[in-house]
Amino acid sequence: MEWSFQSAEQLVSALRAGAVSSVELTDEVIDRIGRDDKAINAICVRDFDRARQTAHRADQARARGADSALLGVPVTVKESFDIAGLPTTWGMPQFANHSPSEDAVQVSRLTAAGAVVLGKTNVPLGLHDVQSFNEIYGTTNNPWDHARTPGGSSGGSAAALASGFGALSIGSDIGGSLRTPAHFCGIYAHKPTLGLVATRGMVAPPAPALPVDLDLAVAGPMARTARDLSLLLDVMAGPDPLTTGIAYDLALPPARHEHLADFRVLVLDEHPLLPTGSAVRAGVARVADALVDGGARVQRHSSLLPDLAEAATVYMQLLFAGAGARFPADAYAQLRIRAAELSPDDRSLVAVRQRALVCSHRDWLAANNSRELHRAGWRALFTEFDAVVCPITPTPAFPHDHDPDLLGRRLDIDGVDHPYLDQLVWAGVATMPGLPATAVPAGLSPDGLPVGVQLIGPKFEDRTPLRLAELLEQRIGGFQIPQ
């Protein structure tokens with residue numbers, strides 16, 4: 001029997017039943033990577049010797065009667081997470097030899113749960129793209145169409161899962177970096193509530209791995225089934241033991257409902273600042289139909305929905321203010337010149353991004369205050385709804401585009417060009433207020449490319465969109481092997 005495309009849940013059951021060993025699972029995946037990853041280039045750092053040793057120890061532990069959530073299950077890790085003895089570069093050539101001395105807290109949690117780490121997955125330069133390519137490791141291709149991107153910045157993890165290279169992976173998300181690769185590759189991912197999952201050890205080199213509370217950014221699980229997301233989130237969730245973990249224990253509330261007929265769902269497919277492509281609208285419609293057929297209460301409009309145009313502006317301000325703060329002094333000076341040349345009447349997202357890169361602390365505080373008002377709006381909305389269904393990006397996976405000028409790139413939406421980074425508006429719907437969002441497959445486009453949608457839930461009620469994802473998987477299907 002081939003095990004490579006079985007869910008983590010199925011693998012755990014088989015391991016517990018003695019139907020397969022961890023060594024057998026690990027060897028099968030390593031063989032598959034050796035055969036198929038030449039065309040995909042998902043696994044940029046291989047750690048196969050240690051993986052085999054870990055698998056052997058897992059089998060020995062199980063023989064002694066030990067058990068844990070992921071004991072013996074092969075997994076991968078996004079390159080941006082520190083693993084002792086392996087490079088952490090974030091795709092930046094000047095740090096090609098940077099090797100941390102200790103594991104990121106999430107890697108430690110994986111290994112404590114018994115997972116077998118096969119290696120690390122590819123990312124874009126500095127994690128700053130909706131694609132996954134860099135000068136150190138090259139380009140990761142979409143398993144469904146090698147001429148297209150798997151997304152970014154967790155694109156290597158998504159491509160690995162779609163290719164059968166491990167049952168689970170961990171990634172991160174600030175601009176859709178978990179959700180967009182899931183959407184492009186036809187897998188599942190979950191962007192947790194901001195602050196739910198500790199991120200220490202996911203830091204750009206050469207910065208030290210400090211227990212910093214990141215703004216907007218989260219770490220989260222990726223898988224081929226909705227139930228596997230919950231399995232991995234249970235391993236990952238919880239405060240950093242160096243900070244809030246000293247005083248706080250994790251107690252996530254259960255899902256609001258167990259049955260589809262009990263859910264109240266708001267469905268969106270239009271954004272005021274950017275059109276949604278026909279393939280993605282069709283995916284949203286498939287999910288909406290499945291909800292209605294299952295008896296859920298579905299609405300298309302609500303006066304309680306926070307203003308999406310304002311939300312996109314606030315999101316871009318917060319996101320790009322953080323990015324601009326890390327620019328070298330000479331580059332930052334050039335950004336200030338470009339921002340000063342903008343017309344005061346220019347309120348486009350392009351202009352918002354350019355101004356945000358050099359915004360003052362006063363401007364950032366104003367944007368942060370707007371974020372708090374939006375959070376209040378979402379709390380009100382979730383008294384009437386349990387989840388919101390909407391796109392992740394406006395298109396399926398697009399062809400590779402290696403133009404170094406991200407601000408100048410264009411995105412084709414049904415034959416019309418739009419600013420490349422405007423596609424982040426849908427990711428920002430959940431990211432800006434810090435809400436949980438689960439990416440789920442929603443079928444294929446007419447061109448045979450995966451299409452996904454996101455299920456946004458109430459803050460710290462991550463189990464609600466995760467349960468809805470499970471129920472939708474039962475109705476419309478889920479992951480399909482790329483043909």
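Residues numbered from 1 in each chain as written. Predicted model: local features only at pLDDT ≥ 70, side-chain atom pairs only at ≥ 80, totals over all residues. Heavy atoms only, no water.

Chemist: What is the right way to read the nonpolar core from this model?
Modeler: The tendency in soluble globular proteins is for nonpolar side chains to be buried as a group. Within the largest apolar cluster, 67 residues are counted, with the highest numbers of intra-cluster contacts made by Leu70, Val73, Leu291 and Leu468. A per-element tally of this core places helix α7 (residues 226-236) first, with six residues. Residues in contact with leucine 468, not counting those within four places in the same chain, are Leu260, Phe263, Val265, Leu291, Ala387 and Leu455. In terms of nonpolar packing, the next biggest core, distinct from the first, is built from 46 residues, Ala312, Leu335, Phe382 and Cys390 among them. (Core = buried A, V, L, I, M, F, W, Y, C linked by side-chain atoms within 4.5 Å. Buried < 20%, exposed > 50% of the residue type's maximum accessible area, 1.4 Å probe, protein only. Helix = DSSP H or I, 4+ residues; strand = E, 2+ residues; numbered from the N terminus. Contact = heavy atoms within 4.5 Å.)

Chemist: Looking at this structure, I do not really get the packing of aromatic side chains. What am I missing?
Modeler: The geometry of an aromatic ring pair comes down to the distance between the two centres and the angle between the two planes. What the rule picks out here adds up to four aromatic pairs. Ring centres of phenylalanine 184 and phenylalanine 398 lie 5.7 Å apart, and the angle between their planes is 85 degrees; this geometry places the pair in the edge-to-face category. Here phenylalanine 184, found in helix α6 (residues 179-185), pairs with phenylalanine 398, found in the loop between β11 (387-391) and β12 (410-413); they are 214 residues apart in sequence, far enough to count as distant. Each member of the pair, phenylalanine 184 together with phenylalanine 398, is buried. Relative to tyrosine 420, the ring of phenylalanine 398 lies with its centre 5.7 Å away and its plane at 80 degrees, an arrangement referred to as edge-to-face. Of this pair, phenylalanine 398 sits in the loop between β11 and β12 while tyrosine 420 sits in the loop between β13 (416-419) and α13 (425-431); the two residues are 22 residues apart in sequence, bridging distant segments of the chain. The class for phenylalanine 398 is buried, based on a relative accessible area of 9%. By relative accessible area, which is 1% here, tyrosine 420 ends up buried. Each residue in the set Phe184, Phe398 and Tyr420 is aromatic and connected to the rest through ring pairs, giving one cluster. When the ring centre of phenylalanine 385 is taken as origin, the NZ or CZ atom of arginine 297, which lies over that ring, is 5.4 Å away. (Phe/Tyr/Trp six-rings, centres within 6.5 Å; stacked < 30°, edge-to-face > 60°. Lys NZ or Arg CZ within 6 Å of the ring centre and 35° of its normal.)

Chemist: Quick question: what am I supposed to make of the pairing of strand β3 (residues 116-121) here?
Modeler: Looking along a regular strand, one sees side chains alternate from face to face of the sheet. The buried count for β3 comes to six of six residues, which makes it a mostly enclosed element. Strand direction decides the pairing type here: strand β1 (residues 43-46) and β3, joined by three bridges, are antiparallel. Within the sheet, the bridge partner assigned to isoleucine 43 lies in β3 and is threonine 121. Pairing of strand β2 (residues 74-78) with β3 involves four bridges; the strand directions are parallel. (Pairing = 2+ DSSP bridges.)

Chemist: Hey, could you run me through the side chain of histidine 190 in this one?
Modeler: For histidine 190, the location among the structural elements is in strand β7 (residues 188-191). Its relative accessible area of 0% is what places histidine 190 among the buried residues. Reaching out from histidine 190, the side chain makes a polar contact with the side chain of aspartate 462 at a distance of 2.8 Å. Not counting residues within four places of it along the chain, the set of residues in contact with histidine 190 comprises Leu178, Gly220, Pro221, Leu229, Leu233, Pro436, Ala437, Thr438, Asp462, Pro465 and Leu466. (Polar contact = N/O pair within 3.5 Å; in protein donor to acceptor, adjacent residues only side chain to side chain.)

Chemist: Which parts of the structure should I look at to understand the pattern of salt bridges?
Modeler: Two side chains with opposite charge may pair up if their charged atoms get near one another. The full count for this structure, using the stated rule, is 24 salt bridges. Close ionic contact of aspartate 386 with arginine 264 constitutes a salt bridge, the shortest N to O distance being 2.8 Å. Here aspartate 386 is found in the loop between α12 (361-381) and β11, whereas its partner arginine 264 is found in strand β9 (residues 264-267), with 122 residues between them in sequence. Accessibility expressed as a relative area gives 0% for aspartate 386, which makes it buried. The salt bridge partner of aspartate 422 is arginine 353, with a shortest N-O separation of 2.8 Å. Residue aspartate 422 is found in the loop between β13 and α13, and its partner arginine 353 is found in helix α11 (residues 349-356); the two are separated by 69 residues along the sequence. Neither residue differs from the other here; aspartate 422 and arginine 353 are each classed as buried. Through salt bridges with shared partners, one network takes in Glu9, Arg227, Glu258, Arg467 and Glu470. (Salt bridge = Lys/Arg side-chain N within 4 Å of Asp/Glu carboxyl O.)

Chemist: For this particular structure, what's the right way to read a nonpolar patch on the surface?
Modeler: Taken together, the side chains of Leu210, Val212 and Leu214 present a nonpolar region at the surface, about 250 Å² in accessible area. Overall, valine 212 belongs to the partly exposed group, its relative accessible area being 46%. (Patch = residues over 30% accessible without salt bridge, like charges linked within 9 Å, V, L, I, M, F, W, Y side chains within 5 Å. Areas by Shrake-Rupley, 256 points an atom, 1.4 Å probe, with all protein chains shown as cover.)

Chemist: Is there a simple way to think about the packing of helix α2 (residues 22-40) against helix α3 (residues 48-63) in this case?
Modeler: Axes are the key here: two packed helices are described by the angle between their axes and the distance separating the axes. Contact geometry for α2 and α3: axes closest at 8 Å, N-to-C directions at 160 degrees. Looking at the two axes, α2 sits roughly antiparallel to α3. Here α2 and α3 pass one another in a crossing that is right-handed. Packed against α2, whose contacting residues are Ser22, Val23, Thr26, Asp27, Ile30 and Ile33, the element α3 presents Phe48, Ala51, Arg52, Ala55, His56, Ala58 and Asp59 at the interface. (Axes fitted to C-alpha atoms, helices over the stretch in contact; angles between N-to-C directions. Parallel < 35°, antiparallel > 145°, perpendicular 65-115°, else oblique. Left-handed = near helix turned anticlockwise from the far one by under 90°.)

Chemist: Help me understand helix α9 (residues 308-324), please; the structure alone is not making it clear to me.
Modeler: Because an α-helix completes one turn every 3.6 residues, residues spaced three or four positions apart along the sequence face the same direction. Taking 1.5 Å of rise per residue, the 17 residues of α9 would be expected to cover 24 Å, and the 24 Å separating its terminal C-alpha atoms lies within 8% of that figure. Counting buried residues in α9 gives twelve out of 17 residues, a clear majority hidden from the surface. Among the residues of α9, Leu308, Ala311, Ala312, Val314, Tyr315, Met316, Leu318, Leu319, Phe320, Ala321, Ala323 and Gly324 are the ones counted as buried. Residues of α9 that are buried in the fold lie against α10 (329-340), α11, α12 and α13. (Expected span 1.5 Å × (residues − 1).)

Chemist: Explain the sheet that holds β9 here, please?
Modeler: Sheet strands pair via backbone hydrogen bonds, and the direction of the pair is either parallel or antiparallel. One open sheet holds the eleven strands; their spatial order is β1-β3-β2-β6-β8-β7-β14-β15-β11-β9-β10, and the pairing between them is mixed. If you trace the sheet from one side to the other, it starts and ends with β1 and β10 (297-299), each paired once. Taking each pair of neighbouring strands and ignoring which way they run, the sheet shows an average axis angle of 30 degrees. Judged from the three bridges that link them, β9 and β11 form a sheet pairing that is parallel.

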